[in-house]
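Notes for the structure review
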Amino acid sequence: MTNETEYGFETIALHAGQNPEQVTGAVIPPIFQTSTYAQPAVGEHLGYEYARTGNPTRTALEECLAALEGADHGICFASGMAATDTVLRRLAPGDHIVLGDDAYGGTFRLISAIYTGGGVKWSPADLTNPAVLDAHWNPATTVVWLETPTNPLLTVFDIEAIAEITHRHGAKLVVDNTFASPYLQQPLALGADLVTHSTTKYIGGHSDVVGGFVATNDEEWANDLRYLQNAIGAVPGPQDCFLTLRGAKTLAVRMDRHCENARRIVELLLSHPAVGDVLYPGLDGHPGAQIAARQMKAAGGMVSFRVKAGMEKAMELAASTKLFTLAESLGGVESLIEHPGAMTHLSAAGSPLEVPDDLVRLSVGIETADDLVEDLRSALDRI
Ligand SMILES: *Cc1c(COP(=O)(O)O)cnc(C)c1O
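Below is a short write-up of the structure. (Residues numbered from 1 in each chain as written. Predicted model: local features only at pLDDT ≥ 70, side-chain atom pairs only at ≥ 80, totals over all residues. Heavy atoms only, no water.)

Moving on, we get to helix 4 (residues 105-115). Listed as buried for helix 4 are Gly-105, Gly-106, Thr-107, Phe-108, Leu-110, Ile-111 and Tyr-115. Buried residues in helix 4 make contact with helix 3 (80-88), strand 2 (96-100), strand 3 (121-125) and strand 4 (141-147). (Buried < 20%, exposed > 50% of the residue type's maximum accessible area, 1.4 Å probe, protein only. Helix = DSSP H or I, 4+ residues; strand = E, 2+ residues; numbered from the N terminus. Contact = heavy atoms within 4.5 Å.)

Turning next to the nonpolar core. Counting residues in each nonpolar core, the largest one holds 37 residues, and the members touching the most others are Leu-65, Leu-68, Tyr-183, Leu-184 and Leu-251. Taken together, the elements giving at least two residues each to this core come down to helix 1 (9-15), helix 2 (56-68), helix 7 (181-184), strand 7 (212-216), helix 9 (238-249), helix 10 (251-271) and helix 11 (289-295). At seven residues, the largest contribution of residues to this core is made by helix 2. When residues of this core are sorted by domain, at least three fall in each of domain 1 (4-249) and domain 2 (252-382). One finds Leu-283, Ala-299, Val-303 and Leu-317 within the second-largest nonpolar core, a separate group that totals 27 residues. (Core = buried A, V, L, I, M, F, W, Y, C linked by side-chain atoms within 4.5 Å. Domains from an automatic or database assignment.)

Inspection of every chain in the model, using the stated rule, returns 15 salt bridges. Notably, a salt bridge pairs Lys-172 with Asp-218, separated by 2.9 Å at the nearest N-O pair. One end of the pair, Lys-172, is in strand 5 (residues 172-176); the other, Asp-218, is in the loop between strand 7 and helix 8 (219-232), with 46 residues separating them in the sequence. Residue class for Lys-172 comes out partly exposed when judged on its relative accessible area of 25%. Among the ionic pairs, Arg-257 bridges to Glu-260, the shortest N-O distance being 3.9 Å. (Salt bridge = Lys/Arg side-chain N within 4 Å of Asp/Glu carboxyl O.)

One open sheet holds the five strands; their spatial order is 8-9-12-11-10, and the pairing between them is mixed. Edge positions in the open sheet fall to strand 8 (275-279) and strand 10 (325-326), since each of these has one partner strand only. Pairing between strand 9 (residues 302-307) and strand 12 (residues 359-363): five bridges, direction antiparallel. Bridge pairing links Phe-305 to Val-360 in strand 12. (Pairing = 2+ DSSP bridges.)

Pasting the structure below:
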């Protein structure tokens, strides 16, 4: 498939990087379960030498995901954290990271506990007012790192405005696009320099594989990341690449249903007396609603809310639904519920990124909407 930019998202998902295999004509890129490749002569090879460096199943996935993000370069990793880590490896001691002040707990842990040991500095910032970034710009800042919508508070940051400020100061903007997926939001087109993903979530979409991905149009970063991918070796195996690519094919139709079902759940939450604030970027009252409407195709499948009766009842609720499974992670076809303060975001306890203890996070799946609404309603009625 050439001229990918002429095709729609669904077409790209099914065809980019996925020409029929040359030897047999297999329509689906095979799982090349090999660690090495025979070479015709010393110093000559057919494009692949060793499977840490490259694997055709991985190439297919990298080309497809890059095309979905509108990127020239795509690089896959063994997990979202491996993708994050490989991007951060490019920083030097003394470099400073601005981290949006609501972020995935693992990203916070990696930066605050591991990278600071290597001399990298960081500070959290409330990027809902991008001007704050300008006013307090630290000359050592080389990277601004944000998620939008954020995990788990579903705060929306203005990618375009933040990219403009970041670039004016000569730094790079990285957007973790895991929550939106490239179907709902394409940060590179809005000015971001790099996009990262936990493909474990919406892109894989079936809760059966862990993976990570980075996309960029920056040639220099792409070359460095390729070098680091091979040097560090946190690469996904061919089976994982196959499953992730299989998931990516249906991303668009799944996301449409996730968004529809999330809307129904939000309606229930807004009308239920046990529920306090409902955090969803598609709500008119949400502070980021206008930005979300501008930079996202729809508001997504993640919904968070606060339980009026407090922490204990929030935990009780999270353990009492039947269809919403109590579990970490998100973005799969089945609905999940969790208590971020005690689960996914425990590593941020006591930090500026701590989350409220009465918060419950839902990953709304693609089950029959009425069933999901009934399940959550009866659990809410009981608390
Ligand atoms: C899950 C997640 C990650 C980490 O990805 P893994 O695949 O679990 O390593 C990073 N960012 C966000 C927003 C996530 O939800």
